[in-house]
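A closer look at the structure
In case you want the letters, here they are:
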There are 2 protein chains.
Amino acid sequence: MASMDLRPLLQDNGSKIILFVWDGVGGITSGPNGETELQAARTPNADRLAREGICGLLESVYPGVTPGSGPGHLGLFGYDPIEYEIGRGALEATGVGFDLEPSDVAARLNFCTLDTRGNITDRRAGRISTDKSAKVVEKLAAQIKEVDGVEVLWSPVKEHRALLVLRGEGLGDGVEDTDPQRTGVPPLEVRATDDSEETARTAKVVREVLSRAFEVLADEDRANGLLARGFAKKPNWPSMAERFGLKAAVVAGTPMYRGVAKLVGMEELPAFNEVERDVASAADHWDEYDFFFLHYKHTDKAGEDGDFEAKVKAIEEADGALPALEKLRPDVLTVTADHSTPSAMKSHSWHPVPVLLSARTVRRDAVDRFDEIACAGGGLGLRPSMHLMPLALAHAGRLAKFGA
Amino acid sequence: MASMDLRPLLQDNGSKIILFVWDGVGGITSGPNGETELQAARTPNADRLAREGICGLLESVYPGVTPGSGPGHLGLFGYDPIEYEIGRGALEATGVGFDLEPSDVAARLNFCTLDTRGNITDRRAGRISTDKSAKVVEKLAAQIKEVDGVEVLWSPVKEHRALLVLRGEGLGDGVEDTDPQRTGVPPLEVRATDDSEETARTAKVVREVLSRAFEVLADEDRANGLLARGFAKKPNWPSMAERFGLKAAVVAGTPMYRGVAKLVGMEELPAFNEVERDVASAADHWDEYDFFFLHYKHTDKAGEDGDFEAKVKAIEEADGALPALEKLRPDVLTVTADHSTPSAMKSHSWHPVPVLLSARTVRRDAVDRFDEIACAGGGLGLRPSMHLMPLALAHAGRLAKFGA
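Residues numbered from 1 in each chain as written. Chains lettered and ligands numbered in written order. Predicted model: local features only at pLDDT ≥ 70, side-chain atom pairs only at ≥ 80, totals over all residues. Heavy atoms only, no water.

Turning next to the sheet that holds strand 1 (residues 17-22) of chain A. Backbone hydrogen bonds hold the strands of a sheet together, and the pairing may be parallel or antiparallel. Residue and element names in this part refer to chain A. Taken in spatial order, the eight strands of this open sheet run 10-9-11-1-12-13-2-14, and their pairing is mixed. The outermost strands of the open sheet, each flanked by one partner alone, are strand 10 (267-268) and strand 14 (381-384). Relative to strand 12 (residues 332-336), strand 1 runs parallel, the two sharing five bridges. Along strand 12, the bridge assignment pairs Leu-19 with Thr-334. (Pairing = 2+ DSSP bridges. Helix = DSSP H or I, 4+ residues; strand = E, 2+ residues; numbered from the N terminus.)

Okay, here's the thing in structure tokens:
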């Protein structure tokens, strides 16, 4: 569904909104008694807020589509994840907390193994360990710092992955992947996908970077090659201030989520991946912002680990943080998730996420528990997650009437 | 809602999906006890699948819009029926099982009655009987076989309707209807709606065909004229294999449904309009396809006949076929309809249709019966029917994550 331009309706009444994301909290009915993790958890605070508020289900990207963390959060921030797509290189930078400048071009690198004729024998270099990979990246960073006036920056990621950032003026990101997506052939030539001078220059620099890198890596036993993917600049999107009139802050202990929040103009507050301290961080800066995005990671982690019980405990911990948030007296408090991570699937999934919205002006529905099944009968219905932001603005009294 | 291009997310894991369509199964609460036909029917198998699966309601085309069989099915196949519109001529061909070639141009013909001055006195020739109409069509087919190097094919339809197909290279379908939509005036001149050479040639051929036809029909008492509508080529759409990565098969005993399925690239399996034999046909070819569309017609027929009891019986018969489908161990089994056909209305209607989806990865909801009222509270919510296909793909494990 296309998004509506809300700017003509915005009114700043000084109200405050909290978006509390329990990452991956949605599950499937896989528990010992056929229940979800949320159904199994004791969540007296969320249940009370559900009873006094209004609930529903949110779908992030498209029916049946499993959202990555980037798209999942963009939807909650009111940005259609299909329209606002982040290039892989830029997303990778976000993931490791690398602050891209607007003129930077970033790419994701995969270490690979080449045979003596230069053909790829393993596209992931035997999934070398993160430690080992970091050391190889260090070697590259020490020896390749600049090419043709362009600064070359290297950053380790997990296992066989790394980040390459080219910093300089006049660079373009229309460079093709060099990963042939199969073994037995050499890496692809570096090619431009557009005719711009900027891309041509970047392609030339990338060629030289990779050529020098292959020399540096020649004596490595497994990580003796590199494949580059997803050349991209940092997206230049309108901020939440511009689109929704909100001065927004993020409290997220994991770089990825801070990074996505910063792409829509949120400012970063201290965060610890400890929910009490994270809430305190928001409280410390309560007067400075209109909108607070708090990220709780452990629910997703337990889901990815396939640990039903750990996910239940994480949910209960997140629930315990709600009274401290209520004490801040936000005008709107919403609790939801960026996607489901059923522990039975050990991965993100497409299943809609439950949402509760608490505000003075809600029309209370019949939902009296915060879980996926109860929320399916809620007054908010089942909607795209990008509808949450306009609803939060409305309940915060920040949207004027449309038409007379 | 616009449709998302799912191709970048497709992954072929060898899983299998069954779409079992109970044509027109939705009703209104018009039974002796204020119940729908589905509520009145004993459906132990569908009820069990509903209890163990996830349910909802689907809307085919647009809220309040009553779908014809073509659009109703296209939605279920994942094709937005507003975007993928079938020209009337091509639809008519589909309805009588006429296999159009890509270069053919088809039109729907209505026999009409003309007075001695050539003005229309009855636009449907007194709704002459199907038998009588077939005989007149036979006469036309015997006498008009070719015009200007273009093969002219005739096919009877129901009552006053017939199908005209022009077969030859270089034909265009931009020809206007000749039906003035009122009586007291002559049929309209044959006009082109575009400037292409192809359409100009076709218009010339149509003029000659109609002129000769009027001579052939001159001594008929009622069917002494013809009105042509909806000139159209067979649509050239991406197949389900291209859009969804599915090798798909149709088991449908009625030409219309086979025809629509073939427009999206399904292959035709033997079908009998007898549910047990139709299920056996799918079973016989189980290893050859990823997706099976099974069509059950009798529910719609009973609805059109206004026979509440017959529709209840048809539903119970369809329900009886479910265990045999379950035995095939599909990864996803969905039961739904292309539209509602309430027996109280004796026609298709706009009311949303119930849907159930059974798969290992469903989040079970609170629905424990397969009927329109219970499904309204289901976890799938109320959605456009074109969302069913991405959801089926997801539950079959055929969609990768979007974004990181």
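Here we take up the environment of B:Lys313. Tracing the chain through its elements places B:Lys313 in helix 11 (residues 308-320). Separated by eleven residues in sequence, B:Lys313 and B:Ala302 have C-alpha atoms that sit 9.2 Å apart.

Residue and element names in this part refer to chain A. The buried fraction of strand 11 (residues 291-296) is high, at six of six residues. The two faces of strand 11 match: Phe-291, Phe-293 and His-295 on one face and Phe-292, Leu-294 and Tyr-296 on the other face are all buried. With six bridges connecting them, strand 1 and strand 11 associate as parallel partners. Residue pairing for strand 11: Trp-22 is matched across the bridge by Tyr-296. (Buried < 20%, exposed > 50% of the residue type's maximum accessible area, 1.4 Å probe, protein only.)

Glancing now at the packing of helix 3 (residues 69-76) of chain A against helix 8 (residues 255-263) of chain A. Residue and element names in this part refer to chain A. Running from amino to carboxyl end, helix 3 crosses helix 8 at an angle of 45 degrees, the nearest separation of the two axes being 10 Å. Relative to helix 8, the element helix 3 lies oblique. Helix 8 is crossed by helix 3, and the crossing has right-handed handedness. Contact with helix 3, carried on its side by Ser-69, Gly-70, His-73 and Leu-74, involves Met-256, Tyr-257 and Val-260 of helix 8 and no other residues of that element. Of the residues in the contact of helix 3 with helix 8, the class split is four nonpolar, three polar and no charged. (Axes fitted to C-alpha atoms, helices over the stretch in contact; angles between N-to-C directions. Parallel < 35°, antiparallel > 145°, perpendicular 65-115°, else oblique. Left-handed = near helix turned anticlockwise from the far one by under 90°. Contact = heavy atoms within 4.5 Å. Nonpolar A, V, L, I, M, F, W, Y, C, P; charged D, E, K, R; others polar.)

Counting residues at the interface gives 35 residues for chain A and 27 residues for chain B. Around 2400 Å² of area is buried between chain A and chain B when both sides are counted, 64% of it from carbon and sulfur atoms. Looking at the side of chain A facing chain B, the largest losses of area belong to A:Tyr62, A:Pro63 and A:Trp350, adding up to 25% of the total buried there. Between A:Glu59 and B:Arg383 there is a salt bridge; the shortest N-O distance is 2.7 Å. Elements supplying a minimum of two residues to the side of chain A that touches chain B: strand 2 (54-59), helix 3, helix 13 (372-375) and strand 14 of chain A. No other element matches the three residues that helix 3 of chain A contributes to the side of chain A that touches chain B. The class makeup of the residues in the side of chain A that touches chain B is 20 nonpolar, twelve polar and three charged. (Buried area = accessible area lost by both parts, 1.4 Å probe. Salt bridge = Lys/Arg side-chain N within 4 Å of Asp/Glu carboxyl O.)

Here the largest pocket is characterised by a volume of approximately 1600 Å³. In terms of lining residues, the largest pocket is bounded by 44 residues, among which A:Arg88, A:Arg108, B:Lys401, B:Gly403 and B:Ala404 are the most central. Secondary-structure elements contributing two or more residues to the lining of the largest pocket are helix 3, helix 4 (88-95), strand 3 (105-114), helix 8 and helix 10 (298-304) of chain A. If you tally residues by element for the lining of the largest pocket, the top one is helix 4 of chain A, at four residues. Residue composition of the lining of the largest pocket, by class: 18 nonpolar, nine polar and 17 charged. (1 Å grid on protein atoms, 1.4 Å probe; cavity = no way out; pocket = protein on both sides within 12 Å on 5 of 7 lines; lining within 4 Å. Points joined across faces, edges and corners; volume = space filled by probe spheres on them.)

All right, on to the relation of the copies chain A and chain B then. For these two chain copies, the linking operation is a rotation about an axis paired with a shift along it. You can overlay chain A on chain B at an RMSD of 0.3 Å; the transform is a turn of 125 degrees with a shift of 0.2 Å along its axis. In the structure described here, the two chain copies are related by an operation that fits a three-fold rotation axis. Different-surface contact between copies: only 3% of interface residues of chain A are shared with the interface of chain B. (Least-squares fit on C-alpha atoms with pLDDT ≥ 70 in both.)

This part covers empty space enclosed by the protein. The tally for this structure, following the rule as stated, stands at eight cavities of 30 Å³ or more. Estimates place the volume of the largest cavity at around 140 Å³. Along its surface, the largest cavity is lined by 17 residues, and A:Pro352, B:Ile54, B:Arg363, B:Gly379 and B:Leu380 are the ones closest to its centre. Elements with a minimum of two residues in the lining of the largest cavity: strand 2 and helix 13 of chain A together with helix 14 (388-395) of chain B. Per-class residue counts for the lining of the largest cavity are eight nonpolar, three polar and six charged.

On average, residues of chain A carry a pLDDT of 95, and 100% of them reach 70 or more. The ipTM assigned to the predicted complex is 0.89, against a pTM of 0.90. (pLDDT = per-residue confidence, 0-100.)

Our next topic: helix 6 (residues 197-217) of chain B. Helix length check: helix 6 of chain B (21 residues) gives 30 Å between terminal C-alpha atoms against 30 Å at 1.5 Å per residue, within 8%. Taken together, the buried positions of helix 6 of chain B are occupied by B:Thr199, B:Thr202, B:Ala203, B:Val205, B:Val206, B:Val209, B:Leu210, B:Ala213, B:Val216 and B:Leu217. (Expected span 1.5 Å × (residues − 1).)

As a further point, take helix 4 (residues 88-95) of chain B. Residues and elements named next belong to chain B. Buried residues of helix 4: Gly-89, Ala-90, Glu-92, Ala-93 and Thr-94, and no others. The elements touched by buried residues of helix 4 are strand 3 (105-114), strand 7 (161-167), strand 8 (225-232) and helix 8 (255-263). Note on helix 4: the residue one or two positions beyond its end, Gly-97, has a positive phi of about 75 degrees.

With that settled, consider the packing of helix 5 (residues 130-143) of chain A against helix 6 (residues 197-217) of chain A. All names here are of chain A. For the pair helix 5 and helix 6, the least separation of the axes is 10 Å and the interaxial angle reads 125 degrees. Our classification of the angle between helix 5 and helix 6 gives oblique. Helix 5 and helix 6 meet at a crossing whose hand is right-handed. Touching Val-136, Lys-139, Leu-140 and Gln-143 of helix 5 are Ala-213, Val-216 and Leu-217, all from helix 6. Among the residues forming the contact of helix 5 with helix 6, the class breakdown is five nonpolar, one polar and one charged.

Right, let's talk about the pairing of strand 7 (residues 161-167) of chain A for a bit. Residue and element names in this part refer to chain A. Burial analysis of strand 7 places six of its seven residues in the buried class, the great majority of the element. Relative to strand 7, strand 6 (residues 150-156) is paired through six bridges, and the arrangement is antiparallel. Looking at strand 7, one finds that Leu-153 is bridged to Val-165.

Further remarks concern the sheet that holds strand 11 (residues 291-296) of chain B. All names here are of chain B. Read from one edge of the open sheet, eight strands run 10-9-11-1-12-13-2-14, paired in mixed fashion. The two strands at the open ends of the sheet, each matched to only one other strand, are strand 10 (267-268) and strand 14 (381-384). Helix-sheet contacts for helix 2 (residues 44-52) involve strand 1 (17-22), strand 2 (54-59), strand 12 (332-336) and strand 13 (353-359), and the interaxial angle to strand 13 is about 65 degrees. Of the strands in this sheet, strand 1, strand 2, strand 11, strand 12, strand 13 and strand 14 are in contact with helix 14, which crosses strand 13 at around 15 degrees.

What follows concerns the nonpolar core. The nonpolar side chains of a soluble globular protein tend to be buried, and buried together. The biggest cluster of nonpolar side chains holds 98 residues, and the ones touching the most others in it are B:Phe20, B:Trp22, B:Phe77, B:Met240, B:Met266, B:Phe291 and B:Phe293. In this structure B:Phe291 touches B:Ile17, B:Leu19, B:Met240, B:Leu246, B:Lys247, B:Ala248, B:Ala249, B:Met266 and B:Met389, once residues within four positions along its chain are discounted. (Core = buried A, V, L, I, M, F, W, Y, C linked by side-chain atoms within 4.5 Å.)

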